[in-house]
Amino acid sequence: MRASFHRLSGKQIYLALLLVTLVFTAIHFLVWENNPIQSSWLQVLSGIQRTALVKNSEEFQAPKMRATDVPAVSAKEKNVNKTENERSTLSPPVDIPEPVPNIVNIVPNSRTSLPHGADSVHTSYHTNAPTTSPDGKMGGQYFAHSQKSVYALVPSTFDELGGERVDSDTAYVNTTWSGKHELKVKSAEKGQSCNYVEGKWVLDKRWPLYSGYGCKQWLSEMWACRLTKRMNFNYETLRWQPKSCQMETFEGQKFLKRMKDKTIAFVGDSLGRQQFQSLLCMVTGGIRRLDVKDVGKEYGLVKARHAIRPGGWAYRFPETNTTIIFYWSTSLCDLKPINRSNHSTEYAMHLDRPPSFLQRFIPGFDVLVLNTGHHWNRGKISANRWVMYVGGKPNTDRKISQIWHAKNLTIHSIVKWLDSQLPNHPRLKTFYRSVSPRHFVGGDWNTGGSCDNENPVAIGKEVSQTESSDHIANSAVRGTKVKLLDITGLSQVRDEGHISRFSKKSTQGTRDCLHWCLPGVPDTWNEILAALV
């Protein structure tokens, strides 16, 4: 053999070596993804890119995106209208590293609705990086469990999730409500249940639905983060994708036509007002509308003498006769001055009676959304000079005097009252919106608490929960026809969406980790609401 080898010419040896090199190179690339050395090298590079987003967490290399993972764009979506073209003039978002698929497990906690400082929802998160199944699909038994928490928070138990995602362009509302997994629809094509509260945040360059610069007619300046010194607007390009259904893209004119001759009312606190302003921006596309009428006087919503603002706002869109209202009721209690002749009188806070506004105007409502939460603490109650009343008399029950029990009584009372009214108003659809989470870290709003993260870390991470994290709301609607608009879990993972240090009205050193930048997370609350009505 050695003699045969020596008889080969130099040219023949060169060609033989070249052929062997090409064969080994081809084999090398064919098994690229199965090569542990190169796979780990790729993970190191991707890990470096993600360091700025997620710290103290165990990350996994994201699988390559398949063509089937990208939703097809319909011809209708390609024909963008003038409003959408105007929205495209927004400053482009900063590039965000490719998301890492995993699951965020929202675990209910008994402290969710405690009084002072406890309106933030205490949830824990776990990273669960999906591995690839033999058939190339994600999910089911092929999920690997990481022992580290995504946000390095308190560890919780892990409930493994499985099953394939079922997409459908058509969905209808399932009107059977049990107080658990409240926001359910069924796929008209697949016939399978879908839960709006389970899903994930995905990047969508078509978002936001309106301009933060342009919606000045409806949007409070303090919530328009485009008008502040904030420079990172990545949070605007996230869209909520339910796990097993496809939400129809919100279109303002289409929504108004559906709401023809109807009245939509929001009753609650400043977070309810944010949802109200968000909806106005969404239906107008952020474009100034001089034809919209201020009809606040019809509902007694006028600014009283010496008042900072009116008790609410009401606007009517004349082409569809659609009215959208917000009424300010931070506690959802009926408040009455104890001594009308005294300017500094205390107010009877009737825990078991709905606001007079609701009692008077509910016959004219078609959609009603209630919320309360962040004003239930001793500081707010004392500052407002509220005195708890039950049964028309000052409360003497020491148990009810505790903030948590007072709040519990009020929410259960108003939901029960609403449920009793529904037979008299068959067209009325009522929702109680769960609490919007706070994200103060290292203190509260006045004790150095902050939420300085500006980069979305929830992209691609599935949110799962067995029941709402807002236990009081979940308990109150159970067994009634009042629906729970559960936004707590999907909002909990969006800490970057708050106004934070960019608030124009906050004092130096304080952060607003309660209210949201608009456009932003409350737009999703309204997308879900629109899908349900």
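The residue count restarts for each chain, going from 1 along the sequence in the order it is written. Per-residue local features are limited, in this predicted model, to residues with pLDDT of at least 70; the limit for side-chain atom pairs, both in listing and counting, is 80 or more; totals at the level of whole chains, interfaces and linings are taken over all residues. For side-chain calculations, the full set of non-hydrogen atoms in the structure is used, while hydrogens and water are omitted.

## Digging into the overall build of the protein
At step 1: In terms of regular secondary structure, the protein is built from 14 helices and 22 strands.
At step 2: The Shrake-Rupley method, run with a 1.4 Å probe, gives the accessible areas here. Residue values count only the displayed protein chains as cover. As displayed, the protein has an accessible area near 26400 Å², and 54% of this comes from carbon and sulfur atoms. We count a stretch as a helix when DSSP gives it H or I for four or more residues in a row; a strand needs E for two or more, and each element gets its number in order from the N terminus.

## With respect to a nonpolar patch on the surface
At step 1: Residues enter patches when their relative accessible area tops 30% and they take part in no salt bridge; the joining distance is 9 Å for like charges and 5 Å for the nonpolar side chains Val, Leu, Ile, Met, Phe, Trp and Tyr. For this analysis, a salt bridge means a side-chain nitrogen from Lys or Arg found within 4 Å of a carboxyl oxygen belonging to Asp or Glu. Together, Leu15, Leu18 and Leu22 make up a nonpolar patch on the protein surface, roughly 280 Å² of accessible area in all.
At step 2: Its location among the elements puts Leu15 in helix α2 (residues 10-30).

## Observations concerning the state of the cysteines
Covalent bonding between the sulfur atoms of two cysteines is what defines a disulfide.
At step 1: Cysteine sulfur atoms are paired as a disulfide whenever they come within 2.5 Å of each other. The tally for this structure, following the rule as stated, stands at three disulfides.
At step 2: Across a sulfur-sulfur distance of 2.1 Å, Cys451 and Cys513 are joined as a disulfide pair. Handedness here is read from the sign of the S-S torsion; for Cys451 and Cys513, about -95 degrees, the answer is left-handed. Placement of the pair is Cys451 in the loop between β18 (429-433) and β19 (461-465) and Cys513 in strand β22 (residues 512-516), with a sequence separation of 62 residues. The burial state of Cys451 is the same as that of Cys513; both residues are buried. Partly exposed residues are those whose accessible area sits between 20% and 50% of the maximum for their type, while under 20% is buried and over 50% is exposed, using a 1.4 Å probe and protein chains only.

## Notes on helix α11 (residues 403-421)
An α-helical segment advances 3.6 residues per turn. Residues three or four places apart therefore align on the same side.
At step 1: A helix is expected to reach a length of 1.5 Å times the quantity of its residues less one. Between its first and last C-alpha, α11 extends 27 Å over 19 residues, near the 27 Å set by a 1.5 Å rise per residue.
At step 2: Residues of α11 that are buried: Ile403, Ala406, Lys407, Thr410, Ile411, Ser413, Ile414, Val415, Trp417, Leu418 and Gln421.

## So, the side chain of Glu454
At step 1: Mapped onto the fold, Glu454 is located in the loop between β18 and β19.
At step 2: There is a polar contact of 2.6 Å between the side chain of Glu454 and the side chain of Arg501.
At step 3: Contacts are assigned to residue pairs with any non-hydrogen atoms lying within 4.5 Å of each other. Excluding residues that lie within four positions of it along the chain, Glu454 makes contacts with Arg230, Asn232, Glu496, Arg501 and Phe502. Distance and chemistry together define a polar contact, namely a pair of N or O atoms within 3.5 Å, with one atom able to donate a hydrogen and the other to accept it when in protein, and with adjacent residues in sequence counting only for side-chain atoms on both sides.

## A closer look at the nonpolar core
At step 1: In this text, buried Ala, Val, Leu, Ile, Met, Phe, Trp, Tyr and Cys residues form a nonpolar core when linked through side-chain atoms within 4.5 Å. Phe255 and Phe266 are the most contacted members of the largest nonpolar core, which has 59 residues in total.
At step 2: When residues of this core are assigned to their parent elements, the largest contribution, seven residues, is made by helix α7 (residues 270-284).
At step 3: Those residues within four positions of Phe266 in sequence are excluded, and the remaining contacts are Gly272, Gln275, Phe276, Leu279, Ile324, Ile325, Phe326, Tyr327, Val369, Asn526 and Leu529.
At step 4: Among the nonpolar cores identified, the runner-up in size contains 29 residues, and Ile325, Phe357, Trp417 and Ala476 belong to it.

## Some thoughts on α7
At step 1: Here α7 contains 15 residues, and its C-alpha end-to-end distance of 21 Å stays within 8% of the 21 Å for a straight helix at 1.5 Å per residue.
At step 2: Among the 15 residues that make up α7, 15 are buried, leaving the element largely enclosed by the rest of the structure.
At step 3: At the N-terminal end of α7, a side-chain oxygen is found 3.0 Å from the backbone nitrogen of Leu271, two or three residues along, and the residue is Asp269.
At step 4: Downstream of α7 by one or two residues, Gly285 has phi in the positive range, about 65 degrees.

## Describing the pattern of salt bridges
At step 1: Under the definition given, this model contains 13 salt bridges.
At step 2: As a salt-bridge pair, Arg206 and Asp204 come within 2.6 Å of each other at their nearest N and O atoms.
At step 3: A relative accessible area of 36% places Arg206 in the partly exposed class.
At step 4: Relative accessible area serves as the criterion here: at 8%, Asp204 is assigned to the buried category.

## So, the confidence of the model for the protein
At step 1: Values of pLDDT, the confidence the predictor places in each residue, fall between 0 and 100. On average, the protein scores 74 in pLDDT, and the residues at 70 or more come to 65%.
At step 2: Predicted confidence for residues 31-103 stays below pLDDT 50, and this span has 104 contacts to residues more than four positions away or in other chains.
At step 3: Long-range and interchain partners of residues 107-191, a stretch whose pLDDT sits below 50, account for 223 contacts in this model, where long-range means more than four residues apart.

## Re the sheet that holds strand β10 (residues 293-294)
At step 1: In spatial order, the strands read β10-β11-β12-β9-β15-β18-β20; together these seven strands make up an open sheet with mixed pairing. Two strands bound the open sheet, and with one partner strand each, they are β10 and β20 (483-485).
At step 2: By the convention used here, strands pair only if DSSP detects at least 2 bridges between them. By the bridge criterion, two bridges tie β10 to strand β11 (residues 312-317) in an arrangement that is antiparallel. Paired with Asp294 across the bridge in β11 is Tyr315.

## So, the side chain of Thr284
At step 1: The residue Thr284 is located in helix α7 in this model.
At step 2: A residue is classified by how much of its surface remains accessible, and Thr284, at 8% relative accessible area, is buried.
At step 3: Polar contacts involving the side chain of Thr284 include one to the main-chain carbonyl oxygen of Cys281, which spans 3.3 Å.
At step 4: When residues no more than four places from it in sequence are discounted, the contact partners of Thr284 are Trp218, Arg289 and Phe317.

## A closer look at the sheet that holds strand β14 (residues 347-350)
At step 1: The strand order β13-β14-β16-β17 describes an open sheet built from four strands, whose pairing is mixed. Looking at the sheet topology across the chains shown, the edges are occupied by β13 (334-337) and β17 (393-394).
At step 2: Pairing of strand β16 (residues 386-390) with β17, which is carried by two bridges, proceeds in the antiparallel orientation. Paired with Tyr389 across the bridge in β17 is Pro394.

## Observations regarding the packing of α7 against helix α14 (residues 521-532)
At step 1: Following both chains from N to C, one finds α7 and α14 inclined at 70 degrees, their axes separated by 9 Å at the closest point. The angle between α7 and α14 places the two elements in the roughly perpendicular class. On the side of α7, the interface is formed by Leu271, Gln274, Gln275, Ser278, Leu279 and Met282, while α14 contributes Pro522, Asp523, Trp525, Asn526, Glu527 and Leu529.
At step 2: Think of it as three bins: nonpolar holds Ala, Val, Leu, Ile, Met, Phe, Trp, Tyr, Cys and Pro, charged holds Asp, Glu, Lys and Arg, and polar takes everything else, Gly as well. Along the lines of polarity and charge, the residues of the contact of α7 with α14 split into six nonpolar, four polar and two charged. For helices, the fitted axis covers only the stretch in contact; all axes are lines through C-alpha atoms, and the angles between them, taken along N-to-C directions, range from 0 to 180 degrees. Relative orientations are named as follows: roughly parallel for angles under 35 degrees, roughly antiparallel for angles over 145 degrees, roughly perpendicular for angles from 65 to 115 degrees, and oblique for any other angle.

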